[in-house]
Amino acid sequence: MAAKDNLSAVLRKVNDIQMEQREIPQPTDTEVLLAVHSVGICGSDVHYWTHGAIGDFVVKMPMVLGHETSGTVVAVGSKVTSLKPGDRVAVEPGVPCRMCDYCKGARYNLCLEMKFHATPPYHGSLTRYFAHPADFCYKLPDHVSYEEGALLEPLSVGVHACRRAGVTIGHTVLICGAGPIGLVNLLTAKAMGASKVCITDIDASRLERAKQLGADWTVQVNTIVNETSTQFADRIIVAIGGHADVTIECSGAESSIQSAIYATKSGGVLVLVGLGSATVNIPIVNAAVREVDIRGIFRYANCYPLALSMVASGKVDVKPLITHRFTLEQTLEAFETARTGRDNAIKVMIKCAQD
Ligand code: NAD
Ligand code: ZN
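Predicted model, so just to flag it, every value in this text is computed and none were measured. (Residues numbered from 1 in each chain as written. Chains lettered and ligands numbered in written order. Predicted model: local features only at pLDDT ≥ 70, side-chain atom pairs only at ≥ 80, totals over all residues. Heavy atoms only, no water.)

Trainee: It is not clear to me how the sheet that holds strand β2 (residues 16–21) should be interpreted in this structure. Could you clarify?
Mentor: Strand pairs in the sheet, formed through backbone hydrogen bonds, run parallel or antiparallel to each other. Judged by pairing direction, the sheet is antiparallel, and its three strands sit side by side in the order β2-β1-β6 without closing on themselves. In this open sheet, the two edge strands, each paired with only one partner strand, are β2 and β6 (63–64). Both strand β1 (residues 7–13) and β6 contribute to a ladder of two bridges, which runs antiparallel. Each bridged residue has a counterpart across the sheet, and for leucine 11 the counterpart in β6 is methionine 63. (Pairing = 2+ DSSP bridges. Helix = DSSP H or I, 4+ residues; strand = E, 2+ residues; numbered from the N terminus.)

Trainee: Explain the site of ligand 1 here, please?
Mentor: Looking at ligand 1, there are 21 residues lining it, with Asp201, Arg206, Leu275, Ile297 and Arg299 nearest. Contacts to ligand 1 include aspartate 201, whose side-chain N or O atom sits 2.6 Å from an oxygen atom. Separating an oxygen atom of ligand 1 from a backbone N or O atom of leucine 275 is a distance of 3.0 Å. Contact with the protein chains hides 77% of the accessible area of ligand 1, taken as 850 Å² for the molecule alone. Of all the secondary-structure elements, those providing two or more residues to the shell around ligand 1 are α4 (180–191), β14 (196–201) and α7 (254–263). (Near = heavy atom within 4 Å. Polar contact = N/O pair within 3.5 Å; in protein donor to acceptor, adjacent residues only side chain to side chain. Areas by Shrake-Rupley, 256 points an atom, 1.4 Å probe, with all protein chains shown as cover.)

Trainee: Whenever I open this one, the side chain of glutamate 153 confuses me. Can you help?
Mentor: Assignment of secondary structure puts glutamate 153 in helix α3 (residues 146–165). Although glutamate 153 is buried, it makes no salt bridge; arginine 299 carries the closest opposite charge, 6.3 Å away. For glutamate 153, the residues in contact, after removing those within four places along its chain, are His67, Glu68, Pro93, Phe116, Tyr300 and Tyr304. (Buried < 20%, exposed > 50% of the residue type's maximum accessible area, 1.4 Å probe, protein only. Lys, Arg positive; Asp, Glu negative; His and termini not counted. Salt bridge = Lys/Arg side-chain N within 4 Å of Asp/Glu carboxyl O. Contact = heavy atoms within 4.5 Å.)

Trainee: For this particular structure, what's the right way to read the coordination of the zinc ion (ligand 2)?
Mentor: Note on metal sites: the ideal angle is 109.5 degrees for four tetrahedral donors, and 90 or 180 degrees for six octahedral donors. Coordination of the zinc ion (ligand 2) by the protein is provided by Cys97 (SG), Cys100 (SG), Cys103 (SG) and Cys111 (SG), with metal-donor distances spanning 2.3 to 2.4 Å. One can describe the donor arrangement at the zinc ion (ligand 2) as tetrahedral, given that its four donor atoms subtend angles of 104 to 117° at the metal. Motif for the zinc ion (ligand 2), donor spacing along one chain: C-x2-C-x2-C-x7-C. In this pair, cysteine 100 sits in the loop between β9 (94–95) and α2 (101–104) while cysteine 111 sits in the loop between α2 and β10 (115–116), placing the two residues eleven residues apart along the sequence. When its relative accessible area of 22% is taken as the criterion, cysteine 100 is described as partly exposed. (Donors = N, O, S within 2.8 Å, 3.2 Å for Na, K, Ca; no water. Tetrahedral: all angles 85-135°; square planar, octahedral: opposite > 155°, others 65-115°.)

Trainee: What exactly am I supposed to notice about the domain arrangement of the chain here?
Mentor: Bring the parts together and some accessible area is lost; that lost area is often taken as the interface size. The assigned domain composition of the chain is domain 1 (7–139 + 318–351) and domain 2 (158–296). Placing the centre of domain 1 and that of domain 2 at their C-alpha centroids yields a distance of 29 Å. Contact with domain 1, which involves ten residues of that partner, is made by eleven residues of domain 2. Of the roughly 800 Å² buried at the junction of domain 1 and domain 2 (both faces included), carbon and sulfur atoms supply 63%. The largest per-residue losses of area from domain 1 upon contact with domain 2 belong to Leu321, Asn344 and Ile346, which jointly make up 57% of the total buried on that side. (Domains from an automatic or database assignment. Buried area = accessible area lost by both parts, 1.4 Å probe.)

Trainee: I tried to follow the nonpolar core on my own but got confused; where do I start?
Mentor: Side chains of nonpolar character tend, in soluble globular proteins, to be buried together. Counting residues in each nonpolar core, the largest one holds 57 residues, and the members touching the most others are Leu152, Leu155, Val167, Val173, Leu183 and Ile248. At the level of secondary structure, the elements contributing two or more residues to this core comprise α3, β13 (172–176), α4, β14, α5 (204–212), β16 (244–249), β17 (264–272) and α9 (304–312). Here this core gets nine residues from one element, more than from any other, and that element is α3. Here this core gathers at least three residues from each of two domains, domain 1 (7–139 + 318–351) and domain 2 (158–296). Core analysis: the second largest hydrophobic core is formed by 35 residues, Leu34, Leu65, Ala118 and Cys137 among them. (Core = buried A, V, L, I, M, F, W, Y, C linked by side-chain atoms within 4.5 Å.)

Trainee: What is the right way to read the UniProt feature "domain: Enoyl reductase (ER)" (unreviewed entry) in the chain from this model?
Mentor: The sites that carry the UniProt feature "domain: Enoyl reductase (ER)" (unreviewed entry) are, in the present numbering, residues 12–346. Its end C-alpha atoms 26 Å apart, residues 12–346 is made of 30% helix and 27% strand. (UniProt positions renumbered as here; feature names shortened; annotations may be inferred.)

Trainee: What's the story with the sheet that holds β16 in this structure? I'm lost.
Mentor: Taken together, the six strands give an open sheet; going across it, the order is β15-β14-β13-β16-β17-β18, and neighbouring strands pair in parallel fashion. The strands lining the two open edges of the sheet, one partner per strand, are β15 (217–220) and β18 (293–296). Sheet twist, expressed as the mean angle between neighbouring strand axes with direction ignored, is 20°. Looking at chain direction, β14 and β15 are connected through four bridges and run parallel. Opposite cysteine 198, over in β15, you have tryptophan 217 as the bridge partner. Each of β16, β17 and β18 is contacted by α3, which is oriented at about 155° to β17, the strand it contacts most. (Axes fitted to C-alpha atoms, helices over the stretch in contact; angles between N-to-C directions.)

Trainee: What am I meant to see in the packing of aromatic side chains here?
Mentor: Aromatic ring pairs are defined here through the distance separating the ring centres and the angle between the ring planes. According to the stated counting rule, one finds four aromatic pairs in the structure shown. Relative to phenylalanine 136, the ring of tyrosine 108 lies with its centre 6.0 Å away and its plane at 85°, an arrangement referred to as edge-to-face. Of the two residues, tyrosine 108 is situated in the loop between α2 and β10 and phenylalanine 136 in the loop between β11 (129–133) and β12 (137–139); the sequence distance between them amounts to 28 residues. Accessibility assignment for this pair places tyrosine 108 and phenylalanine 136 in one class, buried. Taken together through their ring pairs, the aromatic side chains of Tyr138, Tyr300 and Tyr304 make up a single cluster. Positioned above the aromatic ring of phenylalanine 116 is the side chain of arginine 299, whose terminal nitrogen or guanidinium carbon lies 3.7 Å from the ring centre. (Phe/Tyr/Trp six-rings, centres within 6.5 Å; stacked < 30°, edge-to-face > 60°. Lys NZ or Arg CZ within 6 Å of the ring centre and 35° of its normal.)

If you want it as structure tokens, here you go:
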């Protein structure tokens, strides 16, 4: 391959992203070499930048950021038959061991040997070229754009959460938090047949966007009056006209998790997507005696194919999530935009391709 430029956005330490040239890797027998096209910035990329760690994952060595990726195959390993140079693909960023009970049991997101882009110590995709296992690349139909391909990553979080919640036709769904993750859950819940979706947030502009994306009701957190979580849940119940069949919590805020329990119907399901404080107070007896099942989710497993078919069939339009676009060279500005949320930023997209 003639290309030499492999400009990469490397997090060297807290608050220190450097644009550096890195060597272009050789794909192994089962990998493809990808020319990166689009990479979306996720809250976790920003958090590693500003804090240098998420929980037990600590950035100890320089790490390339980015994990919401699409690109073009430029070379294939000798055993790769599923893809060829020129194919446009979405990249599933986490590659598990394929050997353990979790992997064999189709819950590979729980694999202890998971190598996930831009989760230390593994490099991410904000670069011009990287190599990736062919079976974690999904060929995009011609009419699905690279940006939509990159957005299959957060959309897969929505697919996994809605599957764990058991969202089905006719459901009334409550989504707490209207950030990118709340919004992909809104889109997925609707695509899976939810009749009505109610969404909450502190931020009025985020609720406005949620309405444009199909939310039936929005309920804004009142930060001026010191409202209790039961009072907030009561406002949600009034808006919906009853309790939610399932609730998907996407803020991680303690008071929101509390309200989410109160606003879910007896026998319903609450899925915790938002990850905030490691320990929170929740009304556990209320959940227990009303048989509200509380389920966690961690990323996704086997969700990319469905996410892709939802986008390719037109059932879900993820394009309105993109509010800002930058080039790879403008990575710092892109991260600053994502960090501050300026100009009502939702999804900030970085184009790594130079065409
Ligand atoms: P975000 O910060 O952009 O969105 C969170 C939203 O919640 C914001 O709009 C914020 O205003 C709102 N919010 C804050 N307090 C609230 C409250 N009390 N009630 C209602 N809304 C409130 O983040 P995001 O990128 O949308 O991600 C959402 C959460 O999902 C984060 O905690 C993230 O870590 C988590 N996440 C988890 C997984 C997983 O696998 N479990 C995957 C991706 C993201
Ligand atoms: Zn495994």
